[in-house]
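Here's the letter readout for the chains.
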Amino acid sequence: MSDLLQSIVNGLLIGAVFALVAVGLTLIYGVMDVVNFAHGEMVMLGMYTSFFAWSLLGLDPLLSIPLAGASIALTGALMYIGAVGRVLGKSPLAQVIVTFGLQVFLRGLAQFLWTPNTRTVPRPWAADLRWEIGPVVIGGPQVIMAVGALLATGAVAYFMNRTRLGGAVRAAGEDPAAASLMGIDPRKMYALCWVIAGLATGVAGALLMNSYSASPTAGVSFALMAFVVVAFGGFGSITGAALAGLLVGVAQGLVGLYAPSYTLAAALGLYLVVVLVRPQGLLGTR
């Protein structure tokens, strides 16, 4: 029983990180109908930003969160202005090719600049924390990542659902022509989506450096899980992504207890079961 409880807790903690990584992906799709295949590379750049903040400035990954968030938010804006924004309104294939090209370019650039070697923050502040609640042991890095991810996910959800600017973003996604008549510039709202997605992935990257290593392919597994989470929760639904992230994390934790080699298969299987019953995902509308 203690192993079962430990697996559930571990799953919830990593599931919160899955949710944060998925937020930017579902936001861009929900507003722009664009699937960002370079999403994992944005997480990877956030991890590298946090690492170099530690190696060059001596900043703990927690202290580097604002720097990583701002840096990848700027990266997201540049990706939109320089590439994605130029193919809006054209064929979906052109949009896929552009985001896939950004994925290849950013990963190759990271390998060229920083080599394929992994980079790790050896002793983050959170590594010294540890809690025991009955038979369950909770590590500091896992708690820090989960709490930070939940706060960031909640902040994005609050912005989108409770602020006028967030309402403008949603209006631009639902009906660009009507939004334009109301004085909303859809192109600016689309750029803001990429800024928010970059901010979320940058924060996620800095949080992940409490327990993971940075490398040019570090974002691949998290991007894959983000796609599963977004499809599971419903494309365009931030609340759905949060719920699905937690469920996928728990599913992986439970399967990992008995069959560690099949954790990814468990996540994909759970998604397939859901879409057979509800093709639009848990909270999706389309």
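Residues numbered from 1 in each chain as written. Predicted model: local features only at pLDDT ≥ 70, side-chain atom pairs only at ≥ 80, totals over all residues. Heavy atoms only, no water.

A few words now on the pairing of strand S1 (residues 130-133). Strand direction decides the pairing type here: S1 and strand S2 (residues 136-139), joined by four bridges, are antiparallel. By the bridge assignment, Glu 132 is partnered in S2 with Val 137. With antiparallel pairing between neighbouring strands as the criterion, S1 and S2 make up a hairpin whose turn holds two residues, including Gly 134 at a positive phi of roughly 65°. (Pairing = 2+ DSSP bridges. Helix = DSSP H or I, 4+ residues; strand = E, 2+ residues; numbered from the N terminus.)

Membership of the largest hydrophobic core comes to 82 residues, with the highest contact counts inside it found for Leu 20, Met 32 and Tyr 80. Considering each element in turn, this core owes the most residues, 14 residues, to helix H1 (residues 2-32). Setting aside chain neighbours within four positions, we find Met 32 in contact with Tyr 80, Val 84, Leu 88, Tyr 190 and Trp 194. (Core = buried A, V, L, I, M, F, W, Y, C linked by side-chain atoms within 4.5 Å. Buried < 20%, exposed > 50% of the residue type's maximum accessible area, 1.4 Å probe, protein only. Contact = heavy atoms within 4.5 Å.)

With that out of the way, let us pick up the confidence of the model for the chain. As a note on interpretation, predicted positions should not be read in detail where pLDDT is low. For the chain, the mean per-residue pLDDT works out to 89, and 99% of the residues sit at or above 70. No element of the chain has a lower mean pLDDT than helix H11 (residues 263-277), which averages 80, and none a higher one than helix H3 (residues 65-82), which averages 96. (pLDDT = per-residue confidence, 0-100.)

This next bit is on the packing of aromatic side chains. According to the stated counting rule, one finds eight aromatic pairs in the structure shown. With a centroid separation of 5.6 Å and an interplanar angle of 45°, the aromatic rings of Phe 52 and Trp 114 are classed as tilted. Of this pair, Phe 52 sits in helix H2 (residues 39-57) while Trp 114 sits in helix H4 (residues 92-114), and the two are 62 residues apart along the sequence. Assessed through its relative accessible area of 22%, Phe 52 is described here as partly exposed. Each residue in the set Tyr 48, Phe 51, Phe 52, Trp 54 and Trp 114 is aromatic and connected to the rest through ring pairs, giving one cluster. (Phe/Tyr/Trp six-rings, centres within 6.5 Å; stacked < 30°, edge-to-face > 60°.)

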